[in-house]
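Geometric and topological summary
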Amino acid sequence: MKELIAKLEKIQTKMNAPKSQRNNFGKYDYRNCEDILQAVKPYLDGCVITITDSIEAVGNRIYVKATATITDGEHSISTNAFAREAESRKGMDDSQLTGSTSSYARKYALGGLLLIDDNKDADSAAPVDDSKPTFVIDDNARGWIEAINAGTANLEQINDQNY
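Owing to the predicted nature of the structure, the values given are computational and were not obtained by experimental measurement.

We now examine the confidence of the model for the protein. Chain-level pLDDT for the protein is 81 on average; 73% of the residues reach the 70-or-more range. This stretch, residues 121-125, has a pLDDT under 50; its non-local contacts, to residues over four places away or in other chains, come to 12 contacts.

Listed below in structure tokens is the structure:
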């Protein structure tokens, strides 16, 4: 496991995934999942990265859970990210909506695994004000997150919650 951790640390400190995509309407630069995968390839050193998706229902909401895993064939390290499907989106059919939600979750799962710093949120044209939190999690949600991370709760237990 120590060898895998050392390889992952090298990737996390050496790799750079620039924001090479441009949203002209929103006037911001961003990176997508493919940009991250292209940037990490030279640093894999015999490791393999895989990304898988699963669909999870929480209450009446549908989430795509993406899991990014790096393995050396013997040991593995994984991170998860969730993205919520919108009820609908103009100009998209259901499969396109799920696909774009999957891409979003995969990008953030990779970002978590590879420690990609995203000081400027790719989904916002507004500059980031570091003096204010980007989002706020209420105490109830924080309790559930901590319980899930500790393994004492799972998403099915909060199905009847209104998130």
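Moving on, we come to the pattern of salt bridges. Summed over all chains, the structure comprises 3 salt bridges. Two residues, Arg 106 and Asp 53, come together in a salt bridge whose shortest N-O distance is 3.0 Å. Note that Arg 106 is positioned in helix H3 (residues 94-114) and Asp 53 in strand S3 (residues 48-58), a separation of 53 residues in sequence. In this structure Arg 106 comes out as partly exposed when scored by relative accessible area, which is 25%. Residue class for Asp 53 comes out partly exposed when judged on its relative accessible area of 33%.

Each pair of aromatic rings is reported with the distance of its centres and the angle of its planes. Overall, the coordinates contain 2 aromatic pairs when judged by the stated rule. Judged by centre distance (4.9 Å) and plane angle (50°), the ring pair of Tyr 104 and Tyr 108 falls under tilted. Residue Tyr 104 and its partner Tyr 108 are both found in helix H3; the two are separated by 4 residues, about one turn of the helix.

Looking now at the pairing of strand S5 (residues 76-84). Relative to S5, strand S4 (residues 61-71) runs antiparallel, the two being bridged by 9 bridges. Following the sheet pairing, Thr 69 is matched in S5 by Ser 78. Between S4 and S5, which pair antiparallel in sequence order, lie 4 residues; one of them, Gly 73, sits at a positive phi of approximately 95°.

All right, on to the packing of helix H2 (residues 33-40) against H3 then. Look at H2 against H3: their axes get within 9 Å of each other, and the N-to-C directions meet at 35°. Handedness of the crossing formed by H2 with H3: left-handed. Of H3, the residues touching H2 (which contributes Cys 33, Ile 36, Leu 37 and Val 40) are Ser 103, Arg 106, Lys 107, Leu 110 and Leu 114. Tallied by class, residues from the contact of H2 with H3 come to 6 nonpolar, 1 polar and 2 charged.

Attention shifts here to the nonpolar core. In terms of nonpolar packing, the biggest core is built from 25 residues, with Ile 11, Met 15, Val 40, Ile 49, Ile 70, Leu 110 and Leu 114 touching the most fellow members. For this core, the secondary-structure elements that each account for two or more residues are helix H1 (2-14), H2, S3, S4, S5 and H3. By residue number, the principal contributor to this core is H3, which donates 5 residues. Excluding residues that lie within four positions of it along the chain, Leu 114 makes contacts with Leu 8, Ile 11, Gln 12, Met 15, Ile 36, Val 40 and Ile 49.

How each quantity is defined
Residues numbered from 1 in each chain as written. Predicted model: local features only at pLDDT ≥ 70, side-chain atom pairs only at ≥ 80, totals over all residues. Heavy atoms only, no water. pLDDT = per-residue confidence, 0-100. Contact = heavy atoms within 4.5 Å. Salt bridge = Lys/Arg side-chain N within 4 Å of Asp/Glu carboxyl O. Helix = DSSP H or I, 4+ residues; strand = E, 2+ residues; numbered from the N terminus. Buried < 20%, exposed > 50% of the residue type's maximum accessible area, 1.4 Å probe, protein only. Phe/Tyr/Trp six-rings, centres within 6.5 Å; stacked < 30°, edge-to-face > 60°. Pairing = 2+ DSSP bridges. Axes fitted to C-alpha atoms, helices over the stretch in contact; angles between N-to-C directions. Left-handed = near helix turned anticlockwise from the far one by under 90°. Nonpolar A, V, L, I, M, F, W, Y, C, P; charged D, E, K, R; others polar. Core = buried A, V, L, I, M, F, W, Y, C linked by side-chain atoms within 4.5 Å.

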